[in-house]
Amino acid sequence: MSLRDFGLLVLICLVWAGNNIISKIVVAHWGVPPLFYAAVRFSLVALVTLPWLLPAPRPTWRIVVVALLMGAGNFALLFMGFKTASPSAASVVIQLGVPFTTLLSMVMLGETIRWRRGLGIALTLAGAVTVMWSPHGFVLSPGLWLIVAAAFAGSLGAVMMKQVEGVKPLQFQAWVGFSSIWPLAAMSAAIEPGQVTAGIAAGWPFVAAVVFSALVVSVVAHTAYYGLIQRYEANLIAPLTLLTPLFTILLGVLVTHDHFDLRMGVGAGLALTGVLIIALRRNQVMPLLMSIRNRAQ
């Protein structure tokens, strides 16, 4: 890999990590309802990528389901989780998406798992459990439960995406945006009273956060990542995206003052080692999952 492309990948990971911190600030510190934030975000994504919406991929129903899983479902659960979960803990727990994807690939795509990937799954699970553990025992906060659910939704979407052929990155973003607006807006209207007022009260910083999350993260960084995937082996690119949770932990400690102790360090080390082992083994859906997991934490 050239030095220029390596620098680009590092920048992409930093953008993804920054988005995790910004999302936490938006929903937990500024009080913007998470479903409303997700709906506004996807409205902008849909608007910008509208020219790539048609012609619709075939079968259309499958791309809609994938878009809902990776878009509305993944982001709604993620942003709701950020209300109470710290970015650092979330960046480790979301790694459960990797073993989820591997196991779903066995069931849905007929992939075979050998002992090395089995070890990677075990280490990732051990790392996530270590982060979830508290001095009072295994007490999983509601926010982290939602992060686990977001990881599963993204994993299922990634596996189903493998069964849809010929979808380019911007076309995929167009369908994610278009499909996600309606359920998110409806759910926000039903269960988040005063959401528009909260958004207006947050002011221009909220507008900047939406623009950054929708355009810089989803459109620019995602497209650049897929350009790298096309130029290099996925087994080289995917492991390097582990910089995202590392950047998230660092920014979480510095910006949102996340608690980070020996338990968190050990858990993060185990989980990221497990993900690295899985990412280094050839498999069908890892490149897509690594992109979705990192940019959507």
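Model, not experiment: these values are computed from the prediction.

## Examining the overall build of the protein chain
A count of helices and strands for the protein chain gives 14 helices and two strands. Scored against the burial criterion, the 297 residues of the protein chain give a buried share of 54%. Counting contacts in the protein chain only where the partners sit at least 6 residues apart, residues at least 24 apart contribute 90% of the total. With an accessible surface of roughly 12,400 Å², the protein chain has 73% of that area assigned to carbon and sulfur atoms.

## Structural notes on the nonpolar core
The biggest cluster of nonpolar side chains holds 61 residues, and the ones touching the most others in it are Tyr37, Val93, Ile147, Phe172, Leu184 and Phe206. Here this core takes ten residues from helix H3 (residues 60-81), the largest share from any one element. Contact partners of Phe206, with chain neighbours within four places excluded, come to Val26, Trp30, Val32, Phe36, Tyr37 and Gly199. Leu9, Cys13, Val217 and Ile229 belong to the second-largest nonpolar core, a separate cluster that totals 13 residues.

## Remarks on helix H9 (residues 195-202)
Within the span of H9, buried status applies to Gln195, Ala198, Gly199 and Ala202. Taken around the axis of H9, the buried residues stretch over an arc of 100 degrees, which confines them to a single face. Exposed and oriented more than 90 degrees from the buried face of H9 are Thr197, Ile200 and Ala201. Looking one or two residues beyond H9, the residue adopting positive phi is Gly203, at roughly 75 degrees.

## What about a nonpolar patch on the surface?
Judged by side-chain polarity, Leu250, Val253, Leu254, Val255 and Phe260 come together as a nonpolar surface patch covering roughly 440 Å² of accessible area. Here Val253 lies in helix H12 (residues 243-254). According to the relative accessible area criterion, Val253 is partly exposed, its value standing at 33%.

## With respect to the packing of helix H5 (residues 97-109) against helix H7 (residues 142-161)
Viewed as axis vectors pointing N to C, H5 and H7 meet at an angle of 40 degrees, and their least axial separation amounts to 9 Å. With respect to each other, H5 and H7 are oriented oblique. In the packing of H5 onto H7, the handedness of the crossing is right-handed. On H7, the residues touching Gly97, Phe100, Thr101, Leu104, Ser105, Met108 and Leu109 of H5 are Val148, Ala151, Phe152, Ser155, Leu156, Val159 and Met160. In the contact of H5 with H7, the residues fall into ten nonpolar, four polar and no charged.

## Digging into the pattern of salt bridges
Within this structure, the stated rule accounts for one salt bridge. Here Asp5 makes a salt bridge to Arg4, at a shortest N to O gap of 3.1 Å. By relative accessible area, which is 4% here, Asp5 ends up buried.

Calculation rules
Residues numbered from 1 in each chain as written. Predicted model: local features only at pLDDT ≥ 70, side-chain atom pairs only at ≥ 80, totals over all residues. Heavy atoms only, no water. Helix = DSSP H or I, 4+ residues; strand = E, 2+ residues; numbered from the N terminus. Buried < 20%, exposed > 50% of the residue type's maximum accessible area, 1.4 Å probe, protein only. Contact = heavy atoms within 4.5 Å. Areas by Shrake-Rupley, 256 points an atom, 1.4 Å probe, with all protein chains shown as cover. Core = buried A, V, L, I, M, F, W, Y, C linked by side-chain atoms within 4.5 Å. Arc of directions from axis to C-beta. Patch = residues over 30% accessible without salt bridge, like charges linked within 9 Å, V, L, I, M, F, W, Y side chains within 5 Å. Salt bridge = Lys/Arg side-chain N within 4 Å of Asp/Glu carboxyl O. Axes fitted to C-alpha atoms, helices over the stretch in contact; angles between N-to-C directions. Parallel < 35°, antiparallel > 145°, perpendicular 65-115°, else oblique. Left-handed = near helix turned anticlockwise from the far one by under 90°. Nonpolar A, V, L, I, M, F, W, Y, C, P; charged D, E, K, R; others polar.

Keep in mind these numbers describe shape, not what the thing actually does.
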